[in-house]
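Examination of the molecular architecture
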Amino acid sequence: MADDERAPLLEDSGHGSAPRASDRRLNKTGQQDDEAASIIKSHVSISEQKLANSAVGERLPYNDYTTIDWLHGLAKDSYRLRFIHGRQGIRYKFLSLLDEASGWIVAALIGILTACVAFLVDVAEATVSDWKLGYCERNPFMNREACCEGRTPVDGPELHQGNDPSYLAKPGFEVGAACPEFVEWTSHGAGQFAVYVGFALAFGLASACVTLTTKRSLPAASPGTGDIDLYHGGPRPMARGKTMFMAAGSGIPEIKAVLSGFEIPYLLDLRVLVVKAIGAVFAVATGMSLGKEGPFVHISTCVGWLVARLFPKYRDNGRKMREMLSAACASGISVAFGAPIGGVLFSYEEISTYFPRKVLWRTFLCSMAGAIVLKALNPHGTGKLVLFEAHYGTSYSAIHYLVFVVLGIAGGVFGGLFCKLNFIWSRWFRSLRLIKQHPVLEVFLVVLMTALMQYPNPITRGPGDAIIKHLLVDCKDEASADSWACRNEAPDSNWPYVGFLIYGTLTKLFLTIITFGIKVPSGIIIPSLDAGALFGRLIGQWIGTISPGIFAMVGAAAFLAGVSRMTISLCVIMIELTGELEYVLPHMIAILVAKWVADALGKESVYDLAQTVLGHPFLDGERAVHVVQKQGVLAEELIPPKHTMDEITVVVPPDNKVPRRYLEAKLLQLKSRGLLDAGLVLVQGQSMLQGYIAEGELEFGLDALGPLYPKDCEIRMLGNAEEGEFDLSNFVDRTPLSICANAPLEYVVEMFAKLGLRHLMVTQEGTHQLVGVIIKKRLVAYLDQVKH
């Protein structure tokens, strides 16, 4: 793979196949109306996802991914708007109003449907998770909270033992009380442990097995013999098309790659959405160090893609589709945490590459719609959006700023260590043949180790969200005074409790390292919050002036900041998550310090490293500029080898025509090399640049118009066509963007990042002679090599 095609913006977003607009409008005689002619000019490749037969020549690391052309999407949308708004009549006036409202309609629908899916997942997860302890006698499909709601609790002396799991009762039921309606499997400690481990293993295997049904292979060429190393010029082995489990992990690294302009086929299908939801239910129910909040982002993006596809405005334009996917990401965080504003900021700060004000407004609506519906559905039984509501009733003083800084330092160290160790673990352990060929075995081992390590500690025995809830309690609050944490924080029995906190913090670090990345739907947000809350509560044991729950809350934010490097969005999420607006400054201090410390240990967040491990392409413009500035290299560094340029260059004679067989041979050569983003550059005379034609547009022109002309005819590529000529000049981009070969490489990075280019012509200084073509994948591959 070496060279890029101009503009796949009418594609099916890489997730399926659909008739092309130009295919539908081209009639049997080859005549097109004005609208069809314009659309054909912006036509995309109908073969982007075809599997080539062989690979000859150069192959880049990210050949399995196609890219979109943001500028082409802009031009295509401009034509669509002129077509709709430039015509008179009631029909076109109605179409104009519908077009203007469609973005708002789609955003609202995405938020509503995402909330419905989140409601089902939340309720199912609560029920399945409680099955590890027992079942509701009235209805086995009711969770413990719903089963015991309104029932008279029965207290017993045994319920106040330090190792009793009943402290993990759901919100709405008195902690430390037994419910006669909820029947435990057995009353013996060893039996309870055996049942707990057995159910956890069963849930883990169920989650892994359903996740493996989303195994897909990305389109790629088969390995060939003439493969040339991009940087060293020598032969190297090649892998076949990349295999992925679309529903595994959090999905955030994949979504970031998609929103940056790359395509991952099947990633957002309805099947992936269903499997992700079911798999998340069972994965979280195991008690592993993972959460469903990350998968909710993937689920909401699937909903966004499925809804937006119903509108041609988004289905036929990759740029417009990504605008709506950015809004969909926000609804995932909104329904996961009950944090609509935090969801908007999360999409802007962490996920999206392209985020103009129009997208911001629609993201706001999408996030709000999801929060409204979720509050009405009330999956947690509280009637509130706030998931971990806290009322501390005390304020902090200036001396406590030092404690918040300490929590920030600890969070940064935790985040930096986690990112490095998880990266090393993923590279080593998951490369073992046994684990690589049998990912279910890894899930089994992780679930078993998690159950064995977490069950002895009553703090870490329950689901991650329950752990946080019980660590944030204020013991001065009468409603929480009888909680397990408050009873064990009494001075006369404090040391065993401190031991549980220390053990819990270390256990969470270790288990999260080996868990993140396994082949089940899993997120990193809740485990990070758990570890931070454990450590913060531990620090709070020695700060007697204010509630330890405050330090647990701030520590949770600091640890997540160290892992994810989020700042503003995380601060807002924590405020919406707890409802404690007074503690904005502590959160800001701890989050910022954690980011500084974590960045000092390693610049990349867990999602960036996950992209590297998974092999997904992603161009972070700001970070890339910082990297290449240190290198001091020029644009000519990325010029392809001579043999590659010879293969993709078409020398057009003075009459602006080339033989049809020659052009067909060039097209066949592109396909045989397996270039999923391919194109031909047109030159005349002394390699003077004249234009660029994408493989998809060339293939469409030959297939659509070819039957009308003889096989030995000549095809016009440049200039004005005469009547009866086989004319493909309308498909040629006569003004491709170019850059001087002696320009600093940071110029190249800025152009690709800010303009969303797929390819960039490189010309000789002073002559405008073509010397090379840079494609986005070549730049990303170079940056990967420099960084690592």
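Residues numbered from 1 in each chain as written. Predicted model: local features only at pLDDT ≥ 70, side-chain atom pairs only at ≥ 80, totals over all residues. Heavy atoms only, no water.

**A look at the state of the cysteines**
Two cysteines, two sulfur atoms, one covalent bond between them: this is a disulfide. This is how it is decided: Disulfides are defined in this document as cysteine sulfur pairs within 2.5 Å. A run of H or I in DSSP becomes a helix once it reaches four residues, and a run of E becomes a strand once it reaches two; helices and strands are each numbered from the N terminus. For every residue, the accessible area (1.4 Å probe, protein chains only) is compared with the maximum for its type, and the residue is labelled buried under 20%, exposed over 50%, or partly exposed between those bounds.
Across all of its chains, the model carries two disulfides by this definition. Sulfur-sulfur distance for the disulfide between C136 and C147 comes to 2.2 Å. The disulfide joining C136 to C147 has a torsion of about 80° about its S-S bond and is therefore right-handed. Of the two residues, C136 is situated in strand β2 (residues 134-136) and C147 in helix α5 (residues 144-148); the sequence distance between them amounts to 11 residues. Residue C147 is classed as buried on the basis of its relative accessible area of 0%. Bridging C475 to C486, the disulfide has an S-S length of 2.1 Å. The chirality of the disulfide connecting C475 with C486 is left-handed, given an S-S dihedral of about -100°. On the criterion of sequence distance, the pair formed by C475 in the loop between α17 (464-471) and α18 (484-488) and C486 in helix α18 is long-range, its members being 11 residues apart. Judged by its relative accessible area of 28%, C475 is partly exposed. Here C329 is not cross-linked by a disulfide; its sulfur's nearest cysteine counterpart is in C366, at 9.3 Å.

**Examining the sheet that holds strand β14 (residues 759-763)**
To keep it simple, the criterion reads: A strand pair is defined by DSSP finding two or more bridges across the two strands. Axis lines are fitted to C-alpha atoms, over the contacting stretch for helices. Their N-to-C directions set the angle, which ranges from 0 to 180 degrees.
Taken in spatial order, the three strands make up an open sheet running β13-β14-β15, and their pairing is mixed. A strand with exactly one partner marks an edge of an open sheet, and here the two such strands are β13 (738-740) and β15 (770-775). Going from strand to strand, the sheet's axes swing by 30° on average, the running direction of each strand aside. Inspection of the sheet shows β13 paired to β14 by three bridges, in the parallel sense. Within β14, the position partnered with C740 by the bridge is T763.

**Some points on the UniProt feature "transmembrane region" (unreviewed entry) in the protein chain**
The condition is simple: UniProt positions are given in the numbering used here, feature names are shortened, and annotations may be inferred rather than shown by experiment.
Following the UniProt record, the feature "transmembrane region" (unreviewed entry) maps to residues 101-121, 193-213, 270-290, 324-347, 359-377, 398-418, 497-518 and 538-560 here. Measuring from the first to the last C-alpha atom of residues 398-418 gives 31 Å, for a span that is 90% helix and 0% strand. Regarding residues 497-518, the helix share stands at 86% and the strand share at 0%, and the terminal C-alpha atoms are separated by 31 Å.

**Side note on the sheet that holds strand β9 (residues 679-684)**
We count it as follows: Contacts are residue-level and defined by heavy atoms, with any inter-residue pair within 4.5 Å sufficient.
Spatially, β7-β9-β10 is the arrangement adopted by the three strands of the open sheet, whose pairing is mixed. Bordering the open sheet on either side are β7 (649-651) and β10 (688-694), each of which pairs with just one other strand. Looking at each pair of strands side by side, their axes are set apart by 30° on average, direction ignored. As paired elements, β7 and β9 share three bridges and run parallel to each other. Paired with V651 across the bridge in β9 is V683. Taken strand by strand, helix α27 (residues 660-672) contacts β7 and β9, and its axis lies near 175° from that of β7.

**Concerning the side chain of N317**
Looking at where N317 falls in the secondary structure, it is placed in the loop between α10 (312-315) and α11 (318-337). Among the residues examined, N317 registers a relative accessible area of 3% and is labelled buried.

**Some thoughts on the layout of surface pockets**
Selection criterion: Residues are said to line a cavity or pocket when one of their atoms sits within 4 Å of a point; the points come from a 1 Å grid over protein atoms alone, cavities being sets where a 1.4 Å probe fits but cannot get out and pockets being open sets with protein on both sides within 12 Å along at least five of seven lines. Grid points are joined across faces, edges and corners, and a volume is the space filled by probe spheres set on the points. Only Asp, Glu, Lys and Arg are considered charged in this grouping, and only Ala, Val, Leu, Ile, Met, Phe, Trp, Tyr, Cys and Pro are considered nonpolar; every other residue, Gly among them, is considered polar.
Taken as a whole, the second largest pocket encloses approximately 1400 Å³ of empty space. In terms of lining residues, the second largest pocket is bounded by 41 residues, among which D608, D620, G621, E622 and R623 are the most central. Those elements that place two or more of their residues in the lining of the second largest pocket are α12 (340-351), α14 (400-429), α23 (584-601), α24 (606-614), α25 (621-631), α29 (745-755) and α30 (776-787). Among the elements that line the lining of the second largest pocket, the one with the most residues is α25, at seven residues. A per-class count over the lining of the second largest pocket returns 13 nonpolar, 11 polar and 17 charged.

**Things to note about the packing of aromatic side chains**
Heads up, the condition is: The criterion for an aromatic pair is that two Phe, Tyr or Trp rings (for Trp, the six-membered ring) have centres within 6.5 Å, with stacked assigned to planes under 30 degrees apart, edge-to-face to planes over 60 apart and tilted to the rest.
Tallied over the full model, the rule gives 23 aromatic pairs. When the ring of F404 is compared with that of F551, the centres are 5.9 Å apart and the planes differ by 40°; the resulting orientation is tilted. Here the residue F404 occupies a position in helix α14, and F551 occupies one in helix α21 (residues 548-564), the gap between them amounting to 147 residues. As far as the burial class goes, F404 and F551 line up, both buried.

**So, the nonpolar core**
The cut-off we apply is this: Each nonpolar core is a collection of buried residues, namely Ala, Val, Leu, Ile, Met, Phe, Trp, Tyr and Cys, held together in the definition by side-chain atoms within 4.5 Å.
By size, the foremost hydrophobic cluster in this structure holds 147 residues, and its most contacted members are I264, F337, F418, L529 and V748. Excluding anything up to four places from it in sequence, L529 contacts F337, I468, A556, A557, L560, M574 and L577.

**Focus: the environment of V773**
If you trace the backbone, V773 turns up in strand β15. Judged by relative accessible area, which is 0%, V773 ranks as buried. Sequence-wise, V773 and M761 are 12 residues apart; in three dimensions their C-alpha atoms are separated by 4.6 Å.

**Some words on the side chain of R758**
Take R758: it is sitting in the loop between α29 and β14. With a relative accessible area of 0%, R758 lands in the buried category.

**Observations concerning the confidence of the model for the protein chain**
Heads up, the condition is: A residue's pLDDT is simply how confident the predictor is in it, with values from 0 to 100.
With 84% of its residues at a pLDDT of at least 70, the protein chain reaches an overall mean of 81. Overall, residues 152-177 carries pLDDT values under 50, and its contacts beyond four positions in sequence, including any with other chains, amount to 63 contacts. Low confidence marks residues 221-239, where pLDDT is under 50. Its contacts with residues over four positions away, or in another chain, come to 53 contacts.

**Thoughts on unusual backbone geometry**
For Y266, which is not glycine, the phi torsion reads 70° and is therefore positive. Mapped onto the fold, Y266 is located in the loop between β6 (262-263) and α8 (270-285). Here N656, not a glycine, exhibits a phi torsion of approximately 65°, which is positive. One can find N656 in the loop between β7 and β8 (657-659).

**A closer look at the pairing of β9**
For β9, the tally of buried residues reaches six of six residues, placing the bulk of the element in the interior. Here β9 shows two buried faces, one formed by G679, V681 and V683 and the other by L680, L682 and Q684. Pairing geometry for β9 and β10, over six bridges, is antiparallel. For V681, the partnering residue across the bridge sits in β10 and is Y692. Following β9, the chain reverses through three residues before pairing antiparallel with β10; G685 in that reversal takes a positive phi of roughly 60°.

**Overview of helix α6 (residues 189-212)**
Selection rule: To estimate how far a helix should reach, multiply one less than its number of residues by 1.5 Å.
If you check α6, its first and last C-alpha atoms are 35 Å apart, about what 24 residues at 1.5 Å a residue would give, namely 34 Å. Along α6, the residues classified as buried are Q192, Y196, V197, A200, L201, F203, G204, S207, A208 and T211.

**Brief notes about the packing of helix α20 (residues 525-540) against α21**
Operational definition: Angular relationships are summarised with four words: roughly parallel below 35 degrees, roughly antiparallel beyond 145, roughly perpendicular across 65 to 115, and oblique for the angles in between. Note on convention: the crossing is left-handed when the near helix lies turned anticlockwise from the far helix by less than a right angle, right-handed when the turn is clockwise.
Direction vectors running N to C along α20 and α21 enclose 140°, while the axes themselves pass 6 Å from each other. Considering their axes alone, α20 and α21 lie oblique with respect to each other. In this structure, the crossing between α20 and α21 has a hand that is right-handed. From α20, I525, S528, L529, A531, G532, A533, F535, G536, R537 and G540 reach across to α21, where they touch P548, G549, F551, A552, G555, A556, A557, F559, L560 and V563.

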